[in-house]
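Structure assessment
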Amino acid sequence: MGRTDGQKLRLVAAEFCLNVRLQSHRDQKKGRDLSMLFNRDQFALAHVLHEGSKSDGRTDGRTDDALLFLRRFEMLLLDMIDLFGNVRVRVLQLAGVLFMAAGFWAWSEKGVLLDLTQVTRQRGLDPVWLLLLVGVVTFVLGFAGCVGALRENICLLKFFSGMIVLIFLAELALAVLAVLFQSQLREWINGFFLANVKAYRDDIDLQNLIDSLQRSNRCCGAQDPDDWDVNVYFSCNATHPSREKCGVPFSCCVADPADSVLNTQCGYDVRKKAKGEWPDDIYVKGCVAALEDWLPANLYTLATVFVVISLLQMVGIYLARSLISDIQKVRLSY
C-alpha cells in the first residue's frame with residue numbers, strides 16, 4: 001500500500017530536523033542559548049508535520065508526538081556531549097596553565113630563571129620538569145581541542161584525538177612492559193633511586209620529594225640505609241668534616257609519637273652503631289622493597305585509576321571524532 005505525500009513528509013521530518021541541528025552547530029559554538037536551538041528545531045519539525053498532515057487531510061498525533069520526542073531526546077544528547085567536550089578541553093587548558101605556572105614559580109624560587117645554566121648542571125631528577133612536561137602536554141591538548149571545536153578546524157581536532165590515542169597506547173605499552181620485564185624494571189628503579197640519593201643535597205625539590213617518599217613508605221635508601229654512602233654528605237668513607245657523615249636524612253628516622261617538634265638531626269651518626277641497633281632509630285627496609293610490597297596491596301586501586309583514565313581518554317576520542325563527523329556533514333550539505 002503506497003504512502004501519501006503527508007506520510008512521506010512525516011517520515012523525513014526527523015532527517016530534516018537533524019539537518020537543522022547540524023546547520024545550527026556554528027551558532028551554538030558562538031554561545032547562543034541551547035533553548036533557542038530546541039525551539040527552532042521543534043518549530044521546524046512541527047511545521048513539516050503540520051504541512052504533511054494537511055496534505056493527506058488527517059493528523060496522526062501519536063506518530064507526531066513520538067517523532068518529536070525522539071528527535072528532541074537525540075538533540076539533548078548531542079548538546080550534552082558538546083557541552084561535556086567543551087568543559088573537558090577548557091579544564092585541560094586551565095590545568096596546563098596551572099602546572100606550567102607552578103613549574104616556573106618553583107624555578108624562580110631556586111634562581112634557575114636567572115641562571116639557566118643550572119638546568120644543565122643538575123645531576124638528579126628535578127620535579128619541576130614533571131610539572132612543565134604535564135603542563136605543556138595538557139595545554140597543547142586543551143588548545144587543540146578548544147580551538148578546533150570553536151573554529152570547526154578538522155585538522156586540530158584530528159591532532160587532539162590522535163594525541164590522546166598515542167598517550168593511551170603509550171600507557172598500555174608501559175603497563176605491559178612493566179609486567180613482562182619486572183626484573184629489568186626493578187634494576188632500573190634501583191639505579192634511578194641511587195642516582196637521586198647521590199644528588200639529594202643538590203636540589204631542594206628533589207630533597208623534599210625523597211624525604212616525602214621515605215617518610216610515607218617508612219623506608220630508607222634504595223635497598224637499605226647503607227645506600228646513603230653514595231651521597232658525599234652522608235658517606236662513612238669520605239674524609240670530609242660533614243656533621244652528617246655516616247648518618248641518614250631525618251626522613252629515615254622512626255617517628256616518636258611523643259615528639260611534638262620534628263628532630264632533623266635524629267639520623268646523625270646512626271650508621272656508626274651496630275646494624276642490630278638500627279631498627280630502634282631508623283627504617284631498615286629499602287624503598288624499592290617497600291614499593292614492591294605496596295603494589296600488590298593496592299593493585300585494585302591502580303587498576304581502577306587506569307580504567308577511569310582510559311575511559312576518559314576514550315570519551316575524548318569519541319567526542320572529537322563525533323564533532324569531526326558533524327562538521328563534515330554540515331560542509332557536505334552546502
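Please read all numbers here as calculations on a predicted model, not as lab measurements.

If you walk through the whole model with that rule in mind, you get 5 aromatic pairs. Taking the centre distance of 6.3 Å and the plane angle of 25 degrees together, the rings of F139 and F143 count as stacked. With a gap of 4 residues between them, F139 and F143 both fall in helix 6 (residues 127-150), about one helical turn apart. Ring centres of Y200 and W228 lie 5.0 Å apart, and the angle between their planes is 85 degrees; on these two criteria the pair is classed as edge-to-face. Highlighted residues: Y200 in the loop between helix 8 (182-198) and helix 9 (204-217) and W228 in the loop between helix 9 and helix 10 (287-297), separated in sequence by 28 residues. In this pair, the class of Y200 matches that of W228, namely buried.

Next up on the list: the environment of C246. With respect to the helices and strands, the residue C246 is situated in the loop between helix 9 and helix 10. With a relative accessible area of 8%, C246 lands in the buried category. Along the primary structure C246 and C236 are separated by 10 residues, whereas in three dimensions their C-alpha atoms are 4.3 Å apart. Excluding anything up to four places from it in sequence, C246 contacts F234, S235, C236, D269, V270, R271 and K272.

Attention shifts here to the nonpolar core. Of all hydrophobic cores here, the largest spans 20 residues; its most connected members are F193, I210, W228, V248, C252 and I282. Within the residue set of this core, elements represented by two or more residues are helix 8, helix 9 and helix 10. Of all the elements, helix 10 adds the most residues to this core, at 3 residues.

Here we come to a nonpolar patch on the surface. On the surface, L172, V176, L177, L180, F181, F306, V307, L311 and M314 cluster together into a nonpolar patch covering about 790 Å² of accessible area. Of the residues examined, F181 reaches a relative accessible area of 41% and is grouped as partly exposed.

What follows covers the packing of helix 6 against helix 7 (residues 154-180). Two elements in contact, helix 6 and helix 7, have axes whose closest approach is 7 Å; the angle formed by their N-to-C orientations is 145 degrees. Like other packed secondary-structure pairs, helix 6 and helix 7 cross with a definite hand, here left-handed. Where helix 6 approaches helix 7, its residues V137, V140, L141, A144, G145, V147, G148 and A149 are matched on the opposing element by L156, L157, F159, F160, M163, I164 and I167. In the contact of helix 6 with helix 7, the residues fall into 13 nonpolar, 2 polar and no charged.

Cut-offs and rules
- Residues numbered from 1 in each chain as written.
- Predicted model: local features only at pLDDT ≥ 70, side-chain atom pairs only at ≥ 80, totals over all residues.
- Heavy atoms only, no water.
- Phe/Tyr/Trp six-rings, centres within 6.5 Å; stacked < 30°, edge-to-face > 60°.
- Helix = DSSP H or I, 4+ residues; strand = E, 2+ residues; numbered from the N terminus.
- Buried < 20%, exposed > 50% of the residue type's maximum accessible area, 1.4 Å probe, protein only.
- Contact = heavy atoms within 4.5 Å.
- Core = buried A, V, L, I, M, F, W, Y, C linked by side-chain atoms within 4.5 Å.
- Patch = residues over 30% accessible without salt bridge, like charges linked within 9 Å, V, L, I, M, F, W, Y side chains within 5 Å.
- Areas by Shrake-Rupley, 256 points an atom, 1.4 Å probe, with all protein chains shown as cover.
- Salt bridge = Lys/Arg side-chain N within 4 Å of Asp/Glu carboxyl O.
- Axes fitted to C-alpha atoms, helices over the stretch in contact; angles between N-to-C directions.
- Left-handed = near helix turned anticlockwise from the far one by under 90°.
- Nonpolar A, V, L, I, M, F, W, Y, C, P; charged D, E, K, R; others polar.

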